[in-house]
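These are the residues of each chain, in order.
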Amino acid sequence: MADLLTFNRSRLPERFERPGALHFVAYVALLAFVVWSFQGAGWSFSALVSGGPALADFLSRSWPPSLERLPQLSKALLETFQMALAGTLIGIVLSLPLAVLAAKGLTRPSLLSRAVYTSSRLLIALFRTVPDLVWALVFVIAVGLGPFAGTLAIAVDTVGFCGRFFAEAMEDVEKGPAEALTAAGASRFDTIFCAVVPAAMPSFITTSLFALEKATRSSVVLGLVGAGGIGIELKVAMDFFDYQLAMTIILMIFVLVLCVERLGTLARSRILEGSSQ
Amino acid sequence: MAQPLLQSAGAVAPAVPAAHAGTNPLCDLKVEGLCKSFGKDRSVLHGVSFSVGREEAVALIGSNGAGKSTALRCALRLIEPEAGSVLLFGEDISSARQRQLRRVRAEVGFVFQKHNLVPRVSALTNVIHGNLGRAGGMRGWSQLLAATALRDRAMACLDRVGLADQALKRADQLSGGQSQRVAIARALMQQPRMIVADEPVASLDPVAGQEVMDLFRQLTREEGITLLFTSHNVQQALAYSDRVLAIRQGEVVLDENSSGLSAADLGKHYG
């Protein structure tokens, strides 16, 4: 038995592949860049330590939170969530057809479909890479101050986020069911909606709920540029050094985001375990 | 095709048009000179030719990589062949446009080794999908939206394979044997003139495999459906077919009636 389990050590594979000279130089350069980035980012332990008392002062001046304007703040918080919900829903609806066009292998190979694929990918990349705050500034110019601008900004950002992940989810599904429906004479459109979309549905649901969580966080910040919601209340409180009110707003945002995350997790597990159609 | 099950859907799926009567009424599938390669170095089919007669059961055998699955897929143009012609029910589909291709495919029930059911939706919805080739659109997407006549026919198909009581069970919660039966019910939903089955029992245990093959035999005998199936099991190939084709390195090397063959004869075509 012992003989069977011995192995000539000279034939053992190495644990790690030894990098070539070029790779080694690249690793060193990468490490140097990371260190340099910390310097460029103004990382300072001394500033961090000296900032401690200021932070403690802020915390002491912001406690206890002020409950004076709670009804108005609750209304603003509700508006923030409504912006997030409406924007996310619009974004999800718009991103589905765009994702179909941007998914490889769903449309018949042709020059036109290639052009449509590339254009859809570029559009999704544009929506995703431009930050939501920038979209909010653009929509404030377009439709004026208020929650509608924020809703549009969230919708566009959601298209960028969901469009990419929806497309990738559809590219990754098992090809067998779609092949079976093609073999049965189904059209490409029917095949996508009967075989590809249901198979990608768990990923769609997960992505959509993440998009809602992300939008809830974003909608707070969008208020800072006048796009509605509770963000503007936070900015005004900070500008007027009303830290007790600011703390109230921060805690309300914390509770809202936490609730959305918890509900998202619950909904995800419920829907994914759900019944068949 | 005389069974009530396949007649009941007249309102949903029209009867086979007269135009489908082929030039050769006794031959459902005729494949000539099929060639296919994947990339420069992997040539899979080298001029494969064979035919399948009406109401005939034909087994296609051959070792892994011999080209059986590729030949079946090329015959329905699920994979585009590089050369050769395919006559399906007398129609030349070699250069057919998508619309014609879909119409002809709708009459062939394709059963895959891995069932290829849509997961997360019910067995009933999967069976209803079998009608998409004849009548597309949202009402064929799910049992929730389907017309009553369509649901009735789908239930009859499920009943035919003994799974009516599992209609609302999710496809990904069925056993391997049940999944394959649902796949057969989906094929029956097409009211097929022919069933093409690619290693239909390869992923099943022997008992479930035998049940599925028995079901195929019943369908060919009682419904008059033509059957072309691939198998690695030579005993099964002999028992359930009228004729055996053997394919080796992309060429058909045997085409004989099953009655004159033994398992040893077929065993030579492996390895």
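These numbers come from a predicted model, not from an experiment.

Broken down by element type, chain B carries nine helices and 10 strands. What you see for chain B is a C-alpha radius of gyration of 18 Å, in line with the 18 Å of a compact globule of 271 residues. Seen through its principal axes, chain B has C-alpha atoms that stretch 50 × 40 × 35 Å. Taken over 271 residues, chain B has a buried fraction of 56%. Within chain B, residue pairs in contact and separated by at least 24 positions form 70% of the contacts whose partners lie at least 6 positions apart. Accessible surface computed for chain B: about 11,100 Å², of which carbon and sulfur atoms make up 49%. In chain B, 30 side chains carry a positive charge and 26 a negative one; their mean positions are 7 Å apart.

When its secondary structure is counted, chain A shows 10 helices and zero strands. The C-alpha radius of gyration computed for chain A amounts to 26 Å, which surpasses the reference 19 Å derived for 277 residues by more than 25%, pointing to a less compact arrangement than a globule. Counting only C-alpha atoms, chain A reaches 75 × 60 × 45 Å along its principal axes. In chain A, buried positions account for 39% of the 277 residues. Summarising the internal contacts of chain A: among those between residues at least 6 apart in sequence, 78% fall at separations of at least 24. When the accessible surface of chain A is summed, it comes to about 16,700 Å², and 70% of that surface belongs to carbon and sulfur atoms. Chain A carries 21 positive and 20 negative side-chain charges, and their two centres are separated by 5 Å.

Another aspect to go through is the UniProt feature "domain: ABC transmembrane type-1" (unreviewed entry) in chain A. UniProt annotation of "domain: ABC transmembrane type-1" (unreviewed entry) refers to residues 77-264 of chain A when read in the numbering used here. The span residues 77-264 of chain A is 84% helical and 0% strand by assignment, and the distance between its end C-alpha atoms comes to 18 Å.

Moving on: the UniProt feature "transmembrane region" (unreviewed entry) in chain A. Residue and element names in this part refer to chain A. This chain's UniProt record puts "transmembrane region" (unreviewed entry) on residues 21-38, 81-103, 133-156, 189-212, 219-237 and 243-260. End C-alpha to end C-alpha, residues 189-212 measures 28 Å, and it is 100% helix and 0% strand. Structurally, residues 243-260 is divided into 100% helix and 0% strand, and its ends, taken at the C-alpha atoms, are 25 Å apart.

A word on the UniProt feature "domain: ABC transporter" (unreviewed entry) in chain B. Following the UniProt record, one finds the feature "domain: ABC transporter" (unreviewed entry) at residues 29-266 of chain B. Taken end to end, residues 29-266 of chain B is 32% helix and 26% strand, and its first and last C-alpha atoms sit 23 Å apart.

Time to look at the sheet that holds strand S4 (residues 83-88) of chain B. Residues and elements named next belong to chain B. If you walk across this open sheet you meet the four strands as S2-S1-S4-S5, and the pairing is antiparallel. Two strands lie at the open edges of the sheet, namely strand S2 (42-53) and strand S5 (91-92), each paired on one side alone. When strand S1 (residues 27-38) meets S2, the two strands line up antiparallel, connected through nine bridges. Paired with phenylalanine 38 across the strands is arginine 42, a residue of S2. Along the sheet face, helix H2 (residues 68-75) touches S1, S2 and S4 and points at about 120° away from the line of S1.

Take the pattern of salt bridges next. Applying the stated criterion to the full structure yields 24 salt bridges over all chains. The shortest N-O distance in the salt bridge between Arg243(B) and Asp255(B) comes to 2.7 Å. Linking Arg243(B) in strand S9 (residues 243-248) with Asp255(B) in strand S10 (residues 251-257), this pair joins segments that are 12 residues apart in sequence. Put simply, Glu179(A), Arg73(B) and Asp198(B) are held in one network by salt bridges that share partners.

Further remarks concern the environment of Ala153(A). All names here are of chain A. Within the secondary structure layout, alanine 153 lies in helix H6 (residues 147-172). Classification of alanine 153 by relative accessible area gives buried; the value is 0%. Spatially, the C-alpha atoms of alanine 153 and leucine 137 are 8.6 Å apart, while their sequence positions differ by 16 residues. Other than its neighbours up to four places away in sequence, alanine 153 contacts Asp132, Trp135, Ala136, Phe139 and Leu222.

Quick look at the nonpolar core now. In globular proteins that are soluble, nonpolar side chains generally tend to be buried together. Ranked by internal contacts, the top residues of the largest apolar core, which has 48 residues, are Ile184(B), Phe216(B) and Leu266(B). For this core, the leading source of residues is helix H6 (residues 176-189) of chain B, giving seven residues. When residues no more than four places from it in sequence are discounted, the contact partners of Ile184(B) are Val111(B), Val161(B), Val212(B), Leu215(B), Phe216(B) and Leu219(B). One finds Ile154(A), Ala178(A), Ala195(A) and Trp141(B) within the second-largest nonpolar core, a separate group that totals 46 residues.

Let's shift gears to the interface of chain B and chain A. At the junction of the two partners, chain B supplies 32 residues and chain A supplies 28 residues. Buried surface at the junction of chain B and chain A, summed over both partners, amounts to about 2,300 Å²; 60% is from carbon and sulfur atoms. If you look at where chain B meets chain A, you find one salt bridge. Here chain B is connected to chain A by five residue pairs in polar contact (both at pLDDT 80 or more). Elements that contribute at least two residues to the side of chain B that touches chain A include exactly helix H3 (98-105) and strand S6 (108-111) of chain B. For the side of chain B that touches chain A, the element with the highest residue contribution is H3(B), accounting for three residues. Here the residues of the side of chain B that touches chain A are counted per class, giving 13 nonpolar, 12 polar and seven charged.

Residues and elements named next belong to chain B. Ordered by their spatial adjacency, six strands build an open sheet running S6-S7-S8-S3-S9-S10, and the pairing between neighbours is mixed. Sheet topology places S6 and S10 at the edges, where each strand pairs with a single neighbour. On average, adjacent strands in this sheet sit at an angle of 15° to one another, irrespective of strand direction. Bridging between strand S3 (residues 57-61) and strand S8 (residues 226-231) involves five bridges; their strand directions are parallel. Counterpart to valine 58 in the pairing with S8 is leucine 228.

Definitions and cut-offs
Residues numbered from 1 in each chain as written. Chains lettered and ligands numbered in written order. Predicted model: local features only at pLDDT ≥ 70, side-chain atom pairs only at ≥ 80, totals over all residues. Heavy atoms only, no water. Helix = DSSP H or I, 4+ residues; strand = E, 2+ residues; numbered from the N terminus. Rg over C-alpha atoms; globule rule 2.2 N^0.38 Å. Buried < 20%, exposed > 50% of the residue type's maximum accessible area, 1.4 Å probe, protein only. Contact = heavy atoms within 4.5 Å. Areas by Shrake-Rupley, 256 points an atom, 1.4 Å probe, with all protein chains shown as cover. Lys, Arg positive; Asp, Glu negative; His and termini not counted. Charge placed at Lys NZ, Arg CZ, Asp CG, Glu CD. UniProt positions renumbered as here; feature names shortened; annotations may be inferred. Pairing = 2+ DSSP bridges. Axes fitted to C-alpha atoms, helices over the stretch in contact; angles between N-to-C directions. Salt bridge = Lys/Arg side-chain N within 4 Å of Asp/Glu carboxyl O. Core = buried A, V, L, I, M, F, W, Y, C linked by side-chain atoms within 4.5 Å. Buried area = accessible area lost by both parts, 1.4 Å probe. Polar contact = N/O pair within 3.5 Å; in protein donor to acceptor, adjacent residues only side chain to side chain. Nonpolar A, V, L, I, M, F, W, Y, C, P; charged D, E, K, R; others polar.

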